[in-house]
Amino acid sequence: MDTVQGKRARTAGAALGAVVALAAIAVDCLADLNGDVRYALGGLETAGRGGVSIWDIFVSRPLAYKLFMAALDQGRMLIVGRSPSNAANLVLRLETYVLVIAVIALLFVGVRRLAGPRAAAGIAGGTGLILLIAPPWHFLEPDWVGALAAVLTVAAACAPRRRWVGALLAGPAAMLVVAVKASTFPIALIALLVIFVFDRRRAAWTALSAVLWVAVWYVLTKHYQPWEWTWLSDLANLVHSKPQGIHIADLRKLRFAIGDASVLSPVLVVAPAAAVAVVRRETGRRRWVGLAIAVVAGGLSLAPAYGQAEWFNYHFTSTVVLAAAVWGAAFALCPGFRLPLAAATVLVSAVSLVLLSRPADWRLAHAGPVVWAYQLTALALAVAAWFLAGRFSAGPAWFALPWFAGVVALCVALLPPVLPTFPYAFSSYDYTIEVGRSSNAALIDLSKRLGPDTPVLYLTYGTFNYGMGNPTTCRYPSPLWIQRGAVVPRLRSRPSYADNLRCLTQDQNAKYLIIHNGWFYLQWSTRQVRTLLDERFDCSPAAQIPAPAPLTVCPARG
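Below is a summary of the structure that appears in this document.

Definitions and cut-offs
- Residues numbered from 1 in each chain as written.
- Predicted model: local features only at pLDDT ≥ 70, side-chain atom pairs only at ≥ 80, totals over all residues.
- Heavy atoms only, no water.
- Helix = DSSP H or I, 4+ residues; strand = E, 2+ residues; numbered from the N terminus.
- Rg over C-alpha atoms; globule rule 2.2 N^0.38 Å.
- Buried < 20%, exposed > 50% of the residue type's maximum accessible area, 1.4 Å probe, protein only.
- Disulfide = S-S within 2.5 Å.
- Expected span 1.5 Å × (residues − 1).
- Contact = heavy atoms within 4.5 Å.

What about the overall build of the protein chain?
Logical step 1: Per the secondary structure count, the protein chain includes 23 helices and three strands.
Logical step 2: The C-alpha radius of gyration computed for the protein chain amounts to 25 Å, which stays within 12% of the reference 24 Å derived for 558 residues, consistent with globular compactness.
Logical step 3: Reported as C-alpha extents along the three principal axes, the dimensions of the protein chain are approximately 85 × 50 × 50 Å.
Logical step 4: Taking all 558 residues of the protein chain together, the buried fraction comes to 53%.

Considerations on the state of the cysteines
Logical step 1: Within this structure, the stated rule accounts for two disulfides.
Logical step 2: What pairs with C474 in a disulfide is C503, and their sulfur atoms sit 1.9 Å apart. Taking the torsion about the sulfur-sulfur bond, which here is approximately 75°, the covalent link between C474 and C503 counts as right-handed. Residue C474 is located in the loop between α20 (462–468) and α21 (480–485), and its partner C503 is located in helix α22 (residues 495–505); the two are separated by 29 residues in the primary sequence. Of the two residues, C474 and C503, both sit in the buried class.
Logical step 3: Each sulfur of the disulfide joining C539 and C554 lies 2.1 Å from the other. Taking the sign of the S-S torsion, 110° for the link of C539 and C554, the bridge is right-handed. Within this pair, whereas C539 is found in the loop between α23 (527–536) and β3 (551–555), its partner C554 is found in strand β3, the two being separated by 15 residues in sequence.
Logical step 4: Residue C554 is classed as buried on the basis of its relative accessible area of 0%.
Logical step 5: Should the bonded cysteines of the protein chain be numbered as they appear in the sequence, the pairing reads 1-2, 3-4.
Logical step 6: Just so you know, C158 is unpaired, no disulfide at all, and the nearest cysteine sulfur is the one on C334, 20 Å from it.

As for helix α9 (residues 200–224)
Logical step 1: Along its 25 residues, α9 runs 36 Å from first to last C-alpha, staying within 8% of the 36 Å computed at 1.5 Å per residue.
Logical step 2: Those residues of α9 that sit buried are R202, A203, T206, S209, A210 and T221.
Logical step 3: Along its buried surface, α9 packs onto α4 (86–115), α6 (142–158), α7 (163–179), α8 (185–198) and α10 (226–239).

Shown next, in the form of structure tokens:
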């Protein structure tokens, strides 16, 4: 009878865990794609419809990322067409989920081969949940794609029995980590560190393969896509007028930014304690080596955010993914630590839910104390785990919670950033933007009135391109260089600015000019830009086409 009841309890627990995970994923699916993703898709779609090759389109993203997003978008258009609807967003998500599940399945196989089924279940489970229930501002950002490629690197390196086969398969994946965004290079090093923990020789062969593949990628893009490197150089100059160094002021900003991210993603608060619990399983020299690896991996996960120094929440994507993987490893490998880990996770998550529900003004006013409180809590939990993890392992049997409890606890920790009406950030950049559904109806209507196939010239952020869908023959569908050149004079001497300017002199097909007021400041542009636009388009109040705010639509002259 006990055996039957035990089986029933395990079945019920597994069902509960599955239901909670699926419910959390379903809630995440309700969110609109974030503005950066719609920017990229809008640029690729509208310039592509205008006849511009994807190899020539500029959308502030590297070629590898553009190819990845274009492939997903082509699949979406085959199923639901070009309309930027909630259904289209859902299809894009489902396509990506299929890819994530495939990568996680391979990760499970690889970790099981080298570390056993328990470690595989915990690490693959935690990693899979954070990739599937990703904060909307993380999902499909280059940093998120880089993290996914890093997981694929670990999976591909560990899955084959022969080390050289794993290295051959993992090398291209590691190259993708770098290719989707140069600043995600440290994430590839994290992947190599993880492989090193499982198998040193496998890590060495993978590192060699990765270096060779990155070299090949560099040579090919340098020769066949030189504009990719011109754009990268100019983008670096746009963000920093001089190379980024180590500065106390920036380190303080980093501390605040990761603390702010911890409110949104509570798993960051408990991850240090989880890492300590895993490290404490070892003894002697191995324990200190493990601690050093954990510290280095954590530091590398913060490097992309520090290097870019813009402190956007999605720059911490790799940190959140690493935290979830470590959380899963601790739950799997430290049974006695499961109850304290799950309890702390749920408690911190509950606090985050309360704090994130507060008005934006309140969050901004109380950001300092809240961030300090979260960081001190993370430190206290890590110190407690160092001294008490061993005692927990010898604690009562009921401390070893069943697996489904871990799934539920981690899903609760991943909910705060995905709940409808909750903010993109606690108090940092975009803290006033809320998670919501697609709102492109007015832009779709404008496109219909102009004619959906009518070519236009966009002076807009790419989200408006995505909403309208009208083709453009300009390879800068969202004219970043002309827009930023209006307020940052040094950019006018960059090659990208001169190339972007050609859209105003050589593109004679546009029937309308679409101006995004509040993003493109026409009055601050150079006299040359204003003159070229005035010669081609009539922006007098009487001529303007009615359009939803913040757009101004001007017809072509003649």
